[in-house]
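Okay, here's what each chain looks like letter by letter:
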2 protein chains.
Amino acid sequence: MGTRERILDATADLLWERGYTATSPQAIQLAAGVGQGSMYHHFPSKAALAAASLRDSGEQLRRSTAELLRTAPTPADAVLAYLRTPREALRGCRLGRMTQDVDVLADEDLRSPIAETLTYYQGLLAALLEEGQRVGQLRSDFSATSVAATLVAIIQGAHVLARAEQAPQAFERVVAGAVHLVEGLRTR
Amino acid sequence: MGTRERILDATADLLWERGYTATSPQAIQLAAGVGQGSMYHHFPSKAALAAASLRDSGEQLRRSTAELLRTAPTPADAVLAYLRTPREALRGCRLGRMTQDVDVLADEDLRSPIAETLTYYQGLLAALLEEGQRVGQLRSDFSATSVAATLVAIIQGAHVLARAEQAPQAFERVVAGAVHLVEGLRTR
DNA sequence: GTCTATAGTCCGATAGAC
DNA sequence: GTCTATCGGACTATAGAC
């Protein structure tokens, strides 16, 4: 693995663990096992390095989520799979966590991969919900776009609760409740 | 207003705006209009000051939420009022946002007001949902505890989406979807 | 391309005058 | 109780040798 990739890997880990502002170039260099000069040779600044890392993470997450949803037999199954897929409850969402950092929100290059990925999730779920409505599996008296946004928010919020309580069970509780709520959307 | 209160007020604002690690004693002193000596006279450290501020914020939020839920005519109305109450979408939840700061999670005095408040919300909502089930307003085939956790997560996640997109409309979209989901819990 | 040395700033906290 | 001066260290970034 090349130096550039080792730097990007270390950055992704540290951004997930500590966030942007609290992650120092020094810590990245230590974790990647490179000197300061190497980091600044490959990336002009901490912000540019973080932006590259977040872009990579966003692409990876969008790809794996699309794959997850594509393999379910029915739309309702796909939505439930989105809720139930195993996640690192205590680590939080590696992109969603960044929204609490003002320096991230102030920099378009840092914010856009986050916004694009969360918007992409909502699009995938809205399409599934509409399909479920079209084939009569789901009720037609709700807005697929709104419910899709709510489902994405549920996963983000589940991470918040699990971290607050420092208990993965909080995440599971949120998911269990979400499953109850989604079951209420089925036609009967 | 006394010096101590001015310091606590400035701290609460800055913690909400910037989080814990990114808020410097210097910034607090500037915002409160006091010197370093005053701050360290009233509070032994940045951590102790932040803990006092978060305890205050938690008490205030628990009190206002209990009041909000107590004034609704029926359990389902109270749950919908929780979802629909106006919130500062782009600023985020002043307690929930802290869960992304590792230094906060590592310090029990900082973490516990957050965990206690979010747990308190869940307890209030679970009691309402159970009451709704008892009086036949809500279906009895769901876990009130789980759904209560999901409702709290929805509001936390709505803040995340709104901040990611830098658009309050994202918050409204999440709430609209949540209302659809809660309507599915009613008996018919 | 990679390294070390260093600059200039800000951090959290303490000392001590008033 | 409040102030200013200051400490020791960490921060992001640059310089320049190899």
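Above: the structure in question.
What counts, and where the lines are drawn
- Residues numbered from 1 in each chain as written.
- Chains lettered and ligands numbered in written order.
- Predicted model: local features only at pLDDT ≥ 70, side-chain atom pairs only at ≥ 80, totals over all residues.
- Heavy atoms only, no water.
- 1 Å grid on protein atoms, 1.4 Å probe; cavity = no way out; pocket = protein on both sides within 12 Å on 5 of 7 lines; lining within 4 Å.
- Points joined across faces, edges and corners; volume = space filled by probe spheres on them.
- Helix = DSSP H or I, 4+ residues; strand = E, 2+ residues; numbered from the N terminus.
- Contact = heavy atoms within 4.5 Å.
- Buried area = accessible area lost by both parts, 1.4 Å probe.
- Salt bridge = Lys/Arg side-chain N within 4 Å of Asp/Glu carboxyl O.
- Polar contact = N/O pair within 3.5 Å; in protein donor to acceptor, adjacent residues only side chain to side chain.
- Nonpolar A, V, L, I, M, F, W, Y, C, P; charged D, E, K, R; others polar.
- Near = heavy atom within 4 Å.
- Buried < 20%, exposed > 50% of the residue type's maximum accessible area, 1.4 Å probe, protein only.
- Arc of directions from axis to C-beta.
- Least-squares fit on C-alpha atoms with pLDDT ≥ 70 in both.
- Patch = residues over 30% accessible without salt bridge, like charges linked within 9 Å, V, L, I, M, F, W, Y side chains within 5 Å.
- Areas by Shrake-Rupley, 256 points an atom, 1.4 Å probe, with all protein chains shown as cover.
- Lys, Arg positive; Asp, Glu negative; His and termini not counted.
- Charge placed at Lys NZ, Arg CZ, Asp CG, Glu CD.
- Core = buried A, V, L, I, M, F, W, Y, C linked by side-chain atoms within 4.5 Å.

K.L.:
Tell me what's going on with empty space enclosed by the protein, and back it up with residues and numbers.
P.N.:
Taken as a whole, this structure holds 7 cavities of 30 Å³ or more when the rule is applied. Roughly 230 Å³ of internal volume is contained in the largest cavity. R18(A), Q100(A), D101(A), Q100(B) and D101(B) are the residues nearest the centre of the largest cavity, which is lined by 19 residues in total. Its volume calculated, the second largest cavity comes out at about 50 Å³. Lining the second largest cavity are G92(A), C93(A), G96(A), R97(A), Q100(A), Q156(A), H159(A), V160(A), Q100(B) and V160(B). For the lining of the second largest cavity, the element with the highest residue contribution is helix α8 (residues 144-165) of chain A, accounting for 3 residues.

K.L.:
Residue-level account of the interface of chain B and chain A, with values.
P.N.:
Between chain B and chain A, the residue contacts involve 48 residues of the former and 48 residues of the latter. Across the interface of chain B and chain A, roughly 4,100 Å² is buried in total on both sides, 64% from carbon and sulfur atoms. Counting every contact that joins chain B to chain A gives 2 salt bridges. D103(B) is the salt-bridge partner of R18(A), the closest N and O atoms lying 3.9 Å from each other. For the pair chain B and chain A, the interface holds 16 residue pairs in polar contact (both at pLDDT 80 or more). Contributions of two or more residues to the side of chain B that touches chain A are made by α1 (3-18), α6 (102-105), α7 (108-134), α8 (144-165) and α9 (168-183) of chain B. Counted by class, the side of chain B that touches chain A contains 21 nonpolar, 15 polar and 12 charged residues.

K.L.:
Lay out the protein's contact with DNA strand C with the relevant residues and their values.
P.N.:
Around DNA strand C, 16 residues are found, and the nearest of them are T3(A), G35(A), P25(B), Q26(B) and Q36(B). When the atoms of DNA strand C within 4 Å of the protein are sorted by group, sugar and phosphate make up 63%. At 2.5 Å, a backbone N or O of G35(A) approaches a phosphate oxygen of DNA strand C. The side chain of S38(A) places a nitrogen or oxygen atom 2.8 Å from a phosphate oxygen of DNA strand C. Counting residues per element, the ones that place at least two in the surface near DNA strand C are α3 (36-42) of chain A together with α2 (25-32) and α3 (36-42) of chain B.

K.L.:
Give me helix α2 (residues 25-32) of chain A: which residues, what numbers.
P.N.:
Residue and element names in this part refer to chain A. Listing the buried residues of α2 in full gives P25, I28, Q29 and A32. For α2, the angular spread of buried residues about the axis comes to 100 degrees, placing them on one side. Exposed positions of α2 whose direction lies more than 90 degrees from the buried face are Q26, L30 and A31. Taken together, the buried residues of α2 touch α1 (3-18), α3 and α4 (46-70). Directly beyond the C-terminal end of α2, a positive phi value near 70 degrees is found at G33.

K.L.:
A description of the relation of the copies chain B and chain A should follow, citing residues and the corresponding values.
P.N.:
Each of the two chain copies goes to the other by way of a rotation about an axis and a shift along it. When chain B is fitted to chain A, the residual RMSD is 0.0 Å, and the transformation amounts to a turn of 180 degrees plus an axial shift of 0.0 Å. In short, the pair behaves as if placed about a two-fold rotation axis. Taking C-alpha positions as the reference, the residue of chain B nearest the rotation axis is G157(B), at 2.0 Å. Most of the interface of chain B is mirrored in chain A: 100% of its interface residues are interface residues there too.

K.L.:
Account for a negative patch on the surface, naming residues and giving values.
P.N.:
All names here are of chain A. A surface patch of like charges, here negative, comprises E5, D9, D13 and E17. Mapped onto the secondary structure, D13 falls in helix α1. You can call D13 partly exposed: its relative accessible area is 46%.

K.L.:
Can you explain the nonpolar core? Please cite residues and give values.
P.N.:
Counting residues in hydrophobic clusters, the biggest one holds 103 residues, and the most contacted among them are L83(A) and L83(B). Apart from residues no more than four positions distant in its own chain, L83(A) is found in contact with L151(A), I154(A), I155(A), V175(A), A178(A), V179(A) and V182(A).

K.L.:
Report on the protein's contact with DNA strand D, specifying residues and quantitative values.
P.N.:
Around DNA strand D sit 16 residues in total, of which P25(A), Q26(A), Q36(A), T3(B) and G35(B) are the nearest. Here DNA strand D approaches the protein such that, of its atoms within 4 Å, sugar and phosphate make up 63%. Here a phosphate oxygen of DNA strand D and a side-chain polar atom of S24(A) are 3.5 Å apart. Between a phosphate oxygen of DNA strand D and a main-chain N or O atom of G35(B), the distance comes to 2.4 Å. Of all elements in the fold, only α2 and α3 of chain A together with α3 of chain B reach the threshold of two or more residues within the surface near DNA strand D. Ranked by residues supplied to the surface near DNA strand D, first place goes to α3(B) with 5 residues.

K.L.:
Describe in detail the environment of T187(A), supporting the description with residues and values.
P.N.:
Residue and element names in this part refer to chain A. In this structure, T187 sits in the segment after α9 (168-183). Separated by 89 residues in the primary sequence, T187 and M98 have C-alpha atoms spaced 38 Å apart. When sequence neighbours within four positions are dropped, the list of residues in contact with T187 reads G136, Q137, L138 and R139. At a separation of 2.8 Å, a polar atom in the side chain of T187 contacts the main-chain carbonyl oxygen of G136.

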